[in-house]
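Remarks on the overall topology
Chain by chain, the residues run as shown.
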Amino acid sequence: MEQSDKNQTADIGLIGLAVMGQNLVLNMADNGFTVAVFNRTVSKVDDFLNDAAKGYENVLGGHSIEEFIALLKRPRKVMLMVKAGNVVDQFIDLVLPHLEQGDLIIDGGNSHFPDTTRRTKHLAEKGILYIGTGVSGGEEGARRGPSIMPGGNPKAWPLVKDIFQAIAAKTPDGDACCDWVGEEGAGHYIKMVHNGIEYGDMQLICEAYQLMKDGLGMTPDEMHHVFAEWNTGELDSYLIEITRDILQFKDEDGTPLVENILDTAGQKGTGKWTGISALDLGVPVTLIGEAVFSRCLSAMKDERVQASKLLTGPKAAFSGDKTAFVEDIRRALLASKIVSYAQGYMLMREAAQEMGWHLNFGGIALMWRGGCIIRSVFLGKIKAAFDKNPSLTNLLLDDYFREVTGRCQDSWRRVVAQSVTMGIPVPAFATALTFFDGYRSERLPANLLQAQRDYFGAHTYERINKPRGEFFHTNWTGTGGKTSASTYQV
Ligand code: 2AM
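In short, a report on the structure. (Residues numbered from 1 in each chain as written. Predicted model: local features only at pLDDT ≥ 70, side-chain atom pairs only at ≥ 80, totals over all residues. Heavy atoms only, no water.)

Some points on the site of the ligand
Under the convention used in this document: Throughout, near means a residue has at least one heavy atom within 4 Å of the molecule or strand. Pairs of N or O atoms within 3.5 Å make up the polar contacts considered here, provided that, within protein, one atom can donate a hydrogen while the other can accept it, and that residues adjacent in sequence are counted only when both atoms are side-chain atoms. Computed with a 1.4 Å probe, the accessible areas rest on the Shrake-Rupley method; for each residue, only the protein chains presented here act as cover. Using a 1 Å grid laid over the protein atoms alone, points where a 1.4 Å probe fits but cannot get out form a cavity; open sets with protein on both sides within 12 Å along at least 5 of 7 lines form a pocket; any residue with an atom within 4 Å of a point counts as lining. Any molecule with more than half of its atoms within 2 Å of a cavity's or pocket's grid points is counted as sitting in it.
What surrounds the ligand is a group of 13 residues, the closest being Gly16, Asn39, Arg40, Thr41 and Lys44. Within the backbone of Leu17, an N or O atom sits 3.4 Å from an oxygen atom of the ligand. Contact between the ligand and Lys83: an oxygen atom at 3.3 Å from a main-chain N or O atom of the residue. Within the complex, 76% of the 480 Å² of free accessible area of the ligand lies under protein. Its atoms largely coinciding with the cavity grid, the ligand occupies the second largest pocket.

Brief notes about the packing of aromatic side chains
Applicable threshold: Aromatic contacts are taken between Phe, Tyr and Trp rings whose centres are within 6.5 Å, Trp giving its six-membered ring; a plane angle under 30 degrees counts as stacked, one over 60 as edge-to-face, and the others as tilted. Helix and strand assignments follow DSSP, with helices taken as H or I runs no shorter than four residues and strands as E runs no shorter than two, numbered in order from the N terminus. Burial classification: accessible surface area is computed with a 1.4 Å probe over protein chains only, and a residue below 20% of its type maximum counts as buried, one above 50% as exposed, and the rest as partly exposed.
What the rule picks out here adds up to 19 aromatic pairs. Ring geometry for Phe113 versus Tyr189: centroids 4.7 Å apart, planes at 80°, classification edge-to-face. Taken as a pair, Phe113 in helix 6 (residues 113-125) and Tyr189 in helix 9 (residues 186-215) lie far apart in primary sequence, 76 residues in all. A residue is classified by how much of its surface remains accessible, and Tyr189, at 0% relative accessible area, is buried.

Re the nonpolar core
Convention followed: What we call a nonpolar core is a set of buried Ala, Val, Leu, Ile, Met, Phe, Trp, Tyr and Cys residues that are connected through their side-chain atoms within 4.5 Å. Any two residues whose heavy atoms approach within 4.5 Å at even a single point are treated as in contact.
Within the largest apolar cluster, 85 residues are counted, with the highest numbers of intra-cluster contacts made by Tyr189, Trp230, Trp368 and Phe429. Take this core: its biggest share by element is 17 residues, from helix 15 (residues 322-355). If we ignore the near neighbours within four places in the chain, the residues touching Trp368 are Ser147, Met149, Ile190, Val193, His194, Ile197, Tyr345, Met348, Ile374, Arg375, Ser376 and Leu379. Core analysis: the second largest hydrophobic core is formed by 33 residues, Phe33, Met81, Leu129 and Trp157 among them.

A word on the pattern of salt bridges
Threshold: We count a salt bridge whenever a side-chain nitrogen from Lys or Arg sits within 4 Å of a carboxyl oxygen from Asp or Glu.
Under the counting rule described, the total for this entry stands at 28 salt bridges. Of the charged contacts, one joins Asp11 and Lys73 as a salt bridge, the two residues approaching to 2.6 Å between their closest N and O atoms. Of this pair, Asp11 sits in the loop between helix 1 (3-6) and strand 1 (12-15) while Lys73 sits in the loop between helix 4 (65-70) and strand 4 (77-80), and the two are 62 residues apart along the sequence. In this structure Asp11 comes out as buried when scored by relative accessible area, which is 17%. Between Asp107 and Arg119 there is a salt bridge; the shortest N-O distance is 3.9 Å. Separated by twelve residues along the polypeptide, Asp107 in strand 5 (residues 104-107) and Arg119 in helix 6 bring together distant segments of the chain. The pair formed by Asp107 and Arg119 is uniform in burial state, with each residue classed as buried. Where salt bridges share partners, they join Glu234, Glu327, Arg330, Arg331, Glu403 and Arg407 into one cluster.

Quick look at the layout of surface pockets
To keep things clear, this is the line we draw: Grid points are joined across faces, edges and corners, and a volume is the space filled by probe spheres set on the points.
Empty space within the largest pocket amounts to approximately 1,900 Å³. As for the largest pocket, its lining consists of 47 residues, of which Cys206, Tyr209, Gln210, Asp263 and Ser298 are closest to the centre. Breaking the lining of the largest pocket down by element, the ones donating at least two residues are helix 9, helix 11 (238-248), helix 13 (286-299) and helix 14 (301-310). Here the element with the most residues in the lining of the largest pocket is helix 9; it accounts for ten residues.

Some words on the side chain of Ser419
In this fold, Ser419 is placed in helix 18 (residues 399-422). A residue is classified by how much of its surface remains accessible, and Ser419, at 0% relative accessible area, is buried. Dropping the residues within four chain positions of it, Ser419 is found in contact with Leu211, Ile424 and Val426.

Some thoughts on the side chain of Asp89
Locating Asp89 in the fold gives a position in helix 5 (residues 86-95). At 3.2 Å, the side chain of Asp89 forms a polar contact with the side chain of Arg118. Apart from the residues within four sequence positions on either side, Asp89 is in contact with Arg118 and Arg119.

A word on the sheet that holds strand 4
In a beta sheet, neighbouring strands are held together by backbone hydrogen bonds and run either parallel or antiparallel to one another. To be explicit about the condition: When DSSP finds two or more bridges between a pair of strands, those strands are recorded as paired. For helices, the fitted line uses only the C-alpha atoms of the stretch in contact; every axis is such a line through C-alpha atoms, and the angle between N-to-C directions lies from 0 to 180 degrees.
One open sheet accounts for eight strands, arranged 3-2-1-4-5-6-7-8; its pairing is mixed. Unpaired on one side and paired on the other, strand 3 (59-61) and strand 8 (182-183) mark the two borders of the sheet. Where strand 1 lies against strand 2 (residues 35-38), four bridges are found, and the strand directions are parallel. Following the sheet pairing, Ile15 is matched in strand 2 by Phe38. The sheet strands contacting helix 6 are strand 5, strand 6 (129-136) and strand 7 (147-152), and the helix crosses strand 6 at an angle near 155°. Contacting strand 5, strand 6, strand 7 and strand 8, helix 9 runs over the sheet at an angle of about 15° to strand 6.

Scope: geometric values only; no functional claims are made or implied.
Okay, here's the thing in structure tokens:
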């Protein structure tokens, strides 16, 4: 077929032929869609057509923006899989003059959600639809079935629903791990929270590993068997599964590779963004926060090596029943994980409220059920909780999760107490338990805090025996005036 015969035959066009982009194209093509492709470095278009996409009649190359756009069926759908940041704006500016009202631009990169909100609004003013979508699952996911989290202009969803749901991962029940998330930057927001939760899950697993290794003196092979066992039950998940495999993996000299890896963690920023958003919105997402800070502490390797010589603590020694303690750790991990997801959902609920997004919370659990890094059996339980009660205030209050935290609680407390006694850091286990105890407290010591604030800053307080919204100021010292901070600005 001549190129002109191919004009207006592509169901979707994709710009950005790095690995994720290439794999998404092949996934779409395998699902019967015709895909046009373009790339800044134009030579990569033919490289792709002659290599990875060889033999695919339904993958068409554009060697200029004009040629690329001409390949697209109307309304045109242009998906960007390019570097996040300015590059997305540059490509929007590049394709925009060639589009008409009702056409759609999709950003499938790792954009920060405020950028997606800005772009959705900006393009809506020009009559162009916009979607910012999280795509999770890495290269393999993109090829075989990622988790796809689209948000943006709701009018755009029907245009890509069939394509996205066809290429997405499927749950064991056959549902697509892709559904409409919500308005503006909601899709990228949810992807950000997904990554934050991923930080938390990984940290929890690392704490379980350190407890078994340093507290119980277990070998990587022994831990491999524990994780293999855990992966058959309530903790069945991708991250437990890869941990099982990592622990068994041997270096060239036959030693466990994991023990030869330097203990300094890297990060790309999505966990940090989640923490920042939590602080901005005033939501106590403590576990993800601890997970981000734990990576920061790990990165201070030289300082820790020095400190380890100067700051002493207890020598980790466990004298109890090791098998029973391993089960305690499993339960502590499960209960802490529930807290982490409860906090993540609290954050998404507040974000939805603040930004005016209509989020589908059960749908979010479904999108994370398969394809992505945090995929797990556990997410099926979250989906079930929201199916049962779509306006559930907090996951911790759902019957199933209440039963699990109740059942795991004694173990959880033993693990945190034992870790503190042994001097083994468990920031995520501990913050989860502390949050749990705080959340279930009818009365916290903030009464004293309000007294302190009123004492030094005349910030006023409310009283337990007066209606909410009535504010009082006390002259605590007998000196100074009766002026409260609401009338007295310093
Ligand atoms: P390239 O192949 O020409 O480098 C992922 O890096 C994708 O984003 C690639 O398709 C890459 O194009 C594109 N990309 C990265 N930086 C870019 C930039 N400054 N301008 C345009 N495209 C860019």
